[in-house]
Amino acid sequence: MAALLDALLLRSGYNAALVAIGAALLGSAAGAVGTFLYLRKRALVADAITHATLPGICLAFMGLTALGLDGRNLSALLAGAAVSAGMGLVAVEWMTRRTRLGEDAAIGAVLSVFFGLGVVLLTVIQAMSQGRQAGLQGFLLGSTAGMLYSEALLIAAGGSAAVVAVVTLRRPMTFVAFDAEHASAIGIDVRAVDFAMMGLVMAITVIGLKVVGLILIVALLIIPPVSARFWSEQSDRIVIAAAALGAAAGYVGAALSVTAPKLPTGALIVLFSAALFVLSLLLAPARGVVATLLRRQRFRKAVHLRQGLLSLAHRERILDGLTLSVLRRRGFIRRDGVATERGLKAAAEALRNERRWDIARELHRTELATSELIGLAPIDTVLTRDEVAAIDRRLALSGSKGVA
Amino acid sequence: MGAEFVQLSLVPLLIAVLAAVACALPGNFLLLRRQALIGDAISHVALPGIVAAFLITGRVSTWPMMLGAAGSAVVAVTVIEAIRRLGRIEPGAAMGVTFTSMFAAGVLLLEQSDTSRVHLDVEHALYGNLESLVWLGAKGWGSLVDPAALAELPDELPRMAVVATLAALLVVMLWRPLMIATFDEGFAATLGIPVRALGLALVVVSAVAAVAAFSAVGSIIVIAMFICPPAAARLMTHSLARQVGWSLVFATISAIGGYLLAGYGPGWLGFRASGSAAGMIATVSGVILTLACLFGPQRARTMARTSAPGAVPEA
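First things first, this report covers the structure right here in the doc. These figures come from a predicted structure and were not determined experimentally. (Residues numbered from 1 in each chain as written. Chains lettered and ligands numbered in written order. Predicted model: local features only at pLDDT ≥ 70, side-chain atom pairs only at ≥ 80, totals over all residues.)

Bringing the overall build of chain B into the picture now. Scanning chain B from N- to C-terminus turns up 13 helices and 0 strands. For 315 residues, the compact-globule estimate of 2.2 N^0.38 gives 20 Å, and the C-alpha radius of gyration of chain B, at 20 Å, lies within 12% of that figure. With respect to the three principal axes, the spread of C-alpha positions in chain B is 55 × 45 × 40 Å. Here chain B, with 315 residues, has 49% of them falling under the buried criterion. Once local pairs closer than 6 in sequence are excluded, the contacts in chain B between residues at least 24 apart make up 73%. (Helix = DSSP H or I, 4+ residues; strand = E, 2+ residues; numbered from the N terminus. Rg over C-alpha atoms; globule rule 2.2 N^0.38 Å. Buried ≥ 20, exposed ≤ 12 C-beta atoms within 10 Å, placed from the backbone. Contact = placed C-beta atoms within 7 Å.)

Here's what the structure looks like:
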């Protein structure tokens, strides 16, 4: 427990602190970019890009070793990763544009073939460097154990750069993600923005390779935006919420993974992100499951209350259990089902409200069509006093006509 | 090319070919139905189930792992449906969340469990270990008719054979309804074809093929073979029957070529090592797909779909 607290408070070593901060920055950038990708329906392209990094990493390692240098130089490996990720992206675009294959087939083909080639290279490297640990496996699922200071610094710096880039490009990306045609009409170069978006995905992938690993990094681009969607209906706020959720997952996951052996960083970050998703799904104020259930329950009771009161007013027998219990709880009927004084008064009020609503529906047909409050709420809480007065005049008129 | 070949290479080669064919057959229809990424999905989801089966039984054995994979596939489908219904989230996003989370859970389980005694790790799940499926009981070609030696065959081989046969049976027996439903679901429904049941059968057979291939040879082959051979075949012809034929040819070439290249290729380049056969099979299928993209006779998107011969047969 103490180790856990230490890790969360950045007290388990300078490197671990740098990595946790870097992962938080990475998570926030990934969450924000992921939101744009999600709106632009390109999240799976990111999956192809991330898997396509593997051959680049391996080739960079082999190249460095062939030149007699240290093959584990992180910046060189990441540069290799970026180059082959770029080639993967070009391959997806080329295949979708030039042939009649769909984008899903292109994504799957690039993902599996690049990854397969990477695995071949990886196994060749392993077989050649027997005894010496090349450490390239760490890029598959992320490993922050035994990370060098310079590597941690690179990740923190890369994370900050990605955040800055997202903040700078957020306006055009929002426009393009929502409505590419409108964006192009107001003079935004959609192709350039798309290119920048994919460039950011590539940057995030490359920075995240060492922390999250190439197999799971796409989760950072998918889960936070989907979770953030529960918290708001406004795009700006969804982007910010996704960035916050991603940052929290990155920070906690990276910090926790140093507290015990055999806790892979990438898997922890993704699982924590998934936990935040479940919380959002259940507890978000407007779209969450709990809120929806409560709202539905309230609505049901309101409907039963109205039906019950109208039945009382019409002196009909009430058989429905829920209606009876709603009326009883409010003191509108006694235990044996006979209406109380208050119940009769409320019933008369409900009947008047119902008649007023009948008129209101005729008078304000279009404005009222969409509101779910129609007929349930007391009419003077929805319409103005003048409008209610107008309705009452019509009611009196039709009432006198009925008598005559 | 004698006893050593039979002992070390024949069985892995056969398993590779059977796995490639079992995945490529349903892959043809998945490709046309725009469900090509289903292999990717299944291989992500199966991991926690396979690890859980290992933790419960304590052994790396076939049937518990298949059951575990099937169980986690059912869990995944339920979770996706729950997220979609409860959260009003699009199916694609719900799938993305579920697959990545389940895979992460599988990785964590795997790292936490004590699997050092047996060969079960993340790398194994990703790219299998085709090379290790050797036939130690074989002494030469004669062993093919020797019951004692045959009994020592790795049980991945008969299992893959059964699954490949199952896939072939599905395609052959349900050919007409499957073809009509794939190209025009509405038309198929008016003919009284049970469209939903057919789609479900296709997905179930794909899942069985994926899980069987996954536990024998790793997930890369599964993802690559579901997509690359059918995609390359689609660029060769307009006829579905010929497409399926081409895809089988491509799958077989990939499996054999990839296996041999992985064994001997690095040596030709001067490396004293061999590469992963599973990875190489995926690579070869990618080379075939690239060639088809460049030179395939029907690669362009110009022909109207309805005039394509074989698109909809005359009733």
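Let's pick the thread back up.
Below, the discussion takes up the overall build of chain A. A count of helical and extended segments in chain A gives 18 helices and 0 strands. Relative to a compact globule of 404 residues, whose C-alpha radius of gyration would be 22 Å, chain A shows 31 Å and is clearly more extended. Summarising its shape, the C-alpha atoms of chain A cover approximately 110 × 55 × 35 Å along the three principal directions. Out of the 404 residues belonging to chain A, those deemed buried represent 47%. Look at the contacts in chain A between residues 6 or more apart in sequence, and 70% of them connect residues 24 or more apart.

Our next topic: the packing of helix H6 (residues 103-128) of chain A against helix H13 (residues 277-295) of chain B. Between H6(A) and H13(B), the shortest axis-to-axis distance is 7 Å and the interhelical angle comes to 135°. Between H6(A) and H13(B), the interaxial angle falls into the category oblique. When you trace H6(A) past H13(B), the crossing you get is left-handed. Facing H6(A), whose interface residues are Ala109(A), Ser112(A), Val113(A), Gly116(A), Leu117(A), Val119(A), Val120(A) and Thr123(A), H13(B) presents Ala278(B), Gly279(B), Met280(B), Ala282(B), Thr283(B), Ser285(B), Gly286(B) and Leu289(B). Residues that form the contact of H6(A) with H13(B) fall into these classes: 9 nonpolar, 7 polar and no charged. (Axes fitted to C-alpha atoms, helices over the stretch in contact; angles between N-to-C directions. Parallel < 35°, antiparallel > 145°, perpendicular 65-115°, else oblique. Left-handed = near helix turned anticlockwise from the far one by under 90°. Nonpolar A, V, L, I, M, F, W, Y, C, P; charged D, E, K, R; others polar.)

Here we take up the interface of chain A and chain B. Reports often express the size of an interface as the amount of accessible area lost when the parts come together. With 45 residues of chain A at the contact, the number on the chain B side is 51 residues. Sorting the residues of the side of chain A that touches chain B by element identifies helix H3 (43-51), helix H5 (74-98), H6, helix H7 (138-141), helix H11 (217-228) and helix H13 (265-283) of chain A as the ones contributing at least two each. When residues in the side of chain A that touches chain B are grouped by element, the largest group, 17 residues, is from H6(A). Tallied by class, the residues present in the side of chain A that touches chain B amount to 34 nonpolar, 7 polar and 4 charged.

Attention now moves to the packing of helix H4 (residues 53-66) of chain A against H5(A). All names here are of chain A. Contact geometry of H4 with H5 gives a least axis separation of 7 Å together with a crossing angle of 135°. Taken together, the axes of H4 and H5 are oblique relative to one another. Judged by the twist between their axes, the crossing of H4 over H5 is right-handed. Taken together, the residues of H5 that come into contact with H4 (itself represented by Thr53, Pro55, Gly56, Ile57, Leu59, Ala60, Phe61 and Leu64) are Ala76, Leu77, Ala79, Gly80, Ala81, Val83, Ser84 and Ala85. A per-class count over the contact of H4 with H5 returns 12 nonpolar, 4 polar and no charged.

With that out of the way, let us pick up helix H10 (residues 195-217) of chain B. The end-to-end C-alpha distance of H10(B) is 32 Å, a good match for the 33 Å that 23 residues give at a rise of 1.5 Å each. Looking one or two residues beyond H10(B), the residue adopting positive phi is Gly218(B), at roughly 90°. (Expected span 1.5 Å × (residues − 1).)

Counting 232 residues, the largest nonpolar core has Val33(A), Ala19(B), Ala20(B), Ala22(B), Ala213(B), Ile221(B) and Ile281(B) as its most contacted members. Of the residues forming this core, the biggest block, 17 residues, is contributed by helix H2 (residues 14-39) of chain A. Leave out the neighbours within four places in its chain, and Ala213(B) touches Ala19(B), Ala22(B), Cys23(B), Ile221(B) and Val222(B). Counting 11 residues, the second largest nonpolar core, distinct from the first, contains Leu305(A), Phe332(A), Ala339(A) and Ala350(A). (Core = buried A, V, L, I, M, F, W, Y, C linked by C-beta atoms within 7 Å.)

All names here are of chain B. Mapping Pro158 onto the fold places it in helix H7 (residues 156-173). Residue Pro158 is classed as exposed on the basis of its 12 C-beta neighbours within 10 Å. Placed 119 residues apart in sequence, Pro158 and Ala277 show a C-alpha to C-alpha distance of 20 Å.

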